[in-house]
Amino acid sequence: MSAAQAPTAVVTGGASGIGRAIAQRLTADGLNVAVLDLSPSEEGFGLTVDVAERAQVDKAMDAVRERFGPVGVLVNAAGKDGFTRFADLSFTDWQRVVDINLNGVFHCVQSALPDMVHARWGRIINISSSSTHSGQPFMAHYVAAKSAVNGLTKSLALELGPKGITVNAIPPGFIDTPMLRTAEREQQLGGTIEDHIARTPVRRVGRPEDIAATCSFLVSEEAGYITGQIIGVNGGRNT
Ligand SMILES: NC(=O)c1ccc[n+]([C@@H]2O[C@H](COP(=O)([O-])OP(=O)(O)OC[C@H]3O[C@@H](n4cnc5c(N)ncnc54)[C@H](O)[C@@H]3O)[C@@H](O)[C@H]2O)c1
């Protein structure tokens with residue numbers, strides 16, 4: 001298999017924000033795109049799935065195979081943030097955030113992997129977070145989970161490189177999505193989006209399409225020598 005043969009792409013979290021832009025972009029690139037999300041998706045072949053539930057993930061992957069054939073590209077964009085002082089953080093909240101942001105990646109990669117191994121070609125892209133560069137107060141669970149995703153990415157790249165599969169992470173920073181707007185509304189950003197733009201070197205908020213363009217490149221044949229990398233897309237906010 002090669003990207004030229006229009007592989008099947010699975011995008012988790014593709015019903016909103018960054019995942020949605022990725023699903024749109026990969027569709028425009030000519031891939032067959034399936035979306036696994038808790039919410040119904042307007043993009044691609046949509047399946048209602050909680051990525052933290054392995055049985056649901058496996059069932060959805062099988063449905064995707066039946067519809068489009070083997071999975072060649074997996075983008076893990078499903079995510080949930082949270083803002084709680086660590087001392088007040090319940091283990092239930094900790095666990096749910098880890099379940100979605102980290103364990104969801106485990107389930108989706110393991111579920112899709114046999115197709116890529118069989119084809120000796122694959123692309124895995126994990127959407128982590130720019131908060132992993134420096135940490136973030138009141139987001140210990142989220143930053144811990146996303147940091148683990150970066151580590152998982154590096155380890156998988158070493159293990160899967162010989163099988164023709166690249167694995168990279170994109171930690172987005174300050175991207176205009178429902179997640180960011182909700183955080184602004186709940187006064188969790190330490191200022192408004194406009195305040196942050198003034199402190200962002202490129203002087204604008206990021207767009208979901210910025211992440212989608214990076215994803216599109218990482219899926220391409222031209223990116224075949226790039227693996228195990230954490231590729232920041234953040235307007236220069238983190239260097
Ligand atoms: N927006 C930003 O600035 C920013 C910054 C850093 C990281 N991120 C990460 O980028 C990714 C996309 O975020 P976004 O800003 O587009 O947020 P968003 O809230 O717009 O989209 C997230 C999507 O994930 C889905 N989702 C949540 N839990 C799920 C689950 N258990 N199973 C399946 N789907 C689930 C939601 O239904 C939603 O469609 C997330 O992983 C997020 O952590 C975003």
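Just so it is clear, the structure is predicted and the values come from calculations on it, not from any experiment.

What counts as what
Residues numbered from 1 in each chain as written. Predicted model: local features only at pLDDT ≥ 70, side-chain atom pairs only at ≥ 80, totals over all residues. Heavy atoms only, no water. Helix = DSSP H or I, 4+ residues; strand = E, 2+ residues; numbered from the N terminus. Rg over C-alpha atoms; globule rule 2.2 N^0.38 Å. Buried < 20%, exposed > 50% of the residue type's maximum accessible area, 1.4 Å probe, protein only. Contact = heavy atoms within 4.5 Å. Areas by Shrake-Rupley, 256 points an atom, 1.4 Å probe, with all protein chains shown as cover. Near = heavy atom within 4 Å. Polar contact = N/O pair within 3.5 Å; in protein donor to acceptor, adjacent residues only side chain to side chain. Nonpolar A, V, L, I, M, F, W, Y, C, P; charged D, E, K, R; others polar. Pairing = 2+ DSSP bridges. Axes fitted to C-alpha atoms, helices over the stretch in contact; angles between N-to-C directions. Phe/Tyr/Trp six-rings, centres within 6.5 Å; stacked < 30°, edge-to-face > 60°. Lys NZ or Arg CZ within 6 Å of the ring centre and 35° of its normal.

(A) Region of interest: the overall build of the protein chain. On a plain count of helices and strands, the protein chain comes out with eight helices and six strands. Scanning the protein chain from its N terminus toward the C terminus, one meets helices and strands in the order β-α-β-β-α-β-α-β-α-α-β-α-α-α. Its C-alpha atoms give the protein chain a radius of gyration of 17 Å, within 12% of the compact-globule value 18 Å for 239 residues. Buried positions account for 49% of the 239 residues belonging to the protein chain. Sequence-distant contacts in the protein chain: of pairs separated by 6 or more residues, those separated by 24 or more amount to 71%. Element-wise, carbon and sulfur atoms account for 51% of the exposed surface of the protein chain, whose accessible area totals about 11100 Å².

(B) The site of the ligand, seen in detail. In the vicinity of the ligand, 27 residues are found, and the nearest of them are S16, D37, Y142, I175 and T177. L38 places a main-chain nitrogen or oxygen 3.3 Å from a nitrogen atom of the ligand. In this structure, Y142 approaches the ligand through a side-chain N or O atom, which is 2.6 Å from an oxygen atom. Protein chains shield 92% of the accessible area of the ligand, which is 830 Å² for the free molecule. Elements represented by at least two residues in the shell around the ligand include exactly α1 (17–28), α3 (91–119), α5 (140–160) and α6 (178–185). Looking at side-chain class alone, the shell around the ligand contains 15 nonpolar, eight polar and four charged residues.

(C) Quick peek at unusual backbone geometry. Backbone geometry at F138 places phi at a positive 70 degrees, although glycine is not the residue there. By secondary structure assignment, the location of F138 is in the loop between α4 (131–134) and α5. Its identity is not glycine, yet R203 carries a phi of approximately 60 degrees, on the positive side. Along the chain, R203 falls in the loop between α7 (193–198) and α8 (208–219). Of the residues examined, R203 reaches a relative accessible area of 53% and is grouped as exposed.

(D) Representation of the sheet that holds strand β4 (residues 71–76). Across the sheet, six strands lie side by side as β3-β2-β1-β4-β5-β6; this open sheet has parallel pairing. The strands lining the two open edges of the sheet, one partner per strand, are β3 (45–48) and β6 (165–170). Across this sheet, the average inter-strand angle for adjacent strands is 15 degrees, counted without regard to direction. Pairing of strand β2 (residues 32–37) with β3, which is carried by four bridges, proceeds in the parallel orientation. Paired with V35 across the strands is G46, a residue of β3. Where α1 meets the sheet, it contacts β1 (8–12), β2, β4 and β5 (122–127), and its direction lies at approximately 170 degrees from that of β1. Where helix α2 (residues 54–68) meets the sheet, its contacts fall on β1, β2, β3 and β4, and the angle it forms with β3 comes to roughly 160 degrees.

(E) Geometry of the packing of aromatic side chains. Summed over the entire model, instances satisfying the criterion amount to one aromatic pair. Note on F45 and F68: the rings are 5.9 Å apart at their centroids and 85 degrees apart in plane angle, and the pair reads as edge-to-face. Residue F45 is located in strand β3, and its partner F68 is located in helix α2; the two are separated by 23 residues in the primary sequence. Accessibility expressed as a relative area gives 26% for F68, which makes it partly exposed. The ring of F45 is capped by R67, whose NZ or CZ atom sits 4.4 Å from the centre of that ring. R237 extends its terminal NZ or CZ atom over the ring of F174, reaching a point 4.4 Å from the ring centre.

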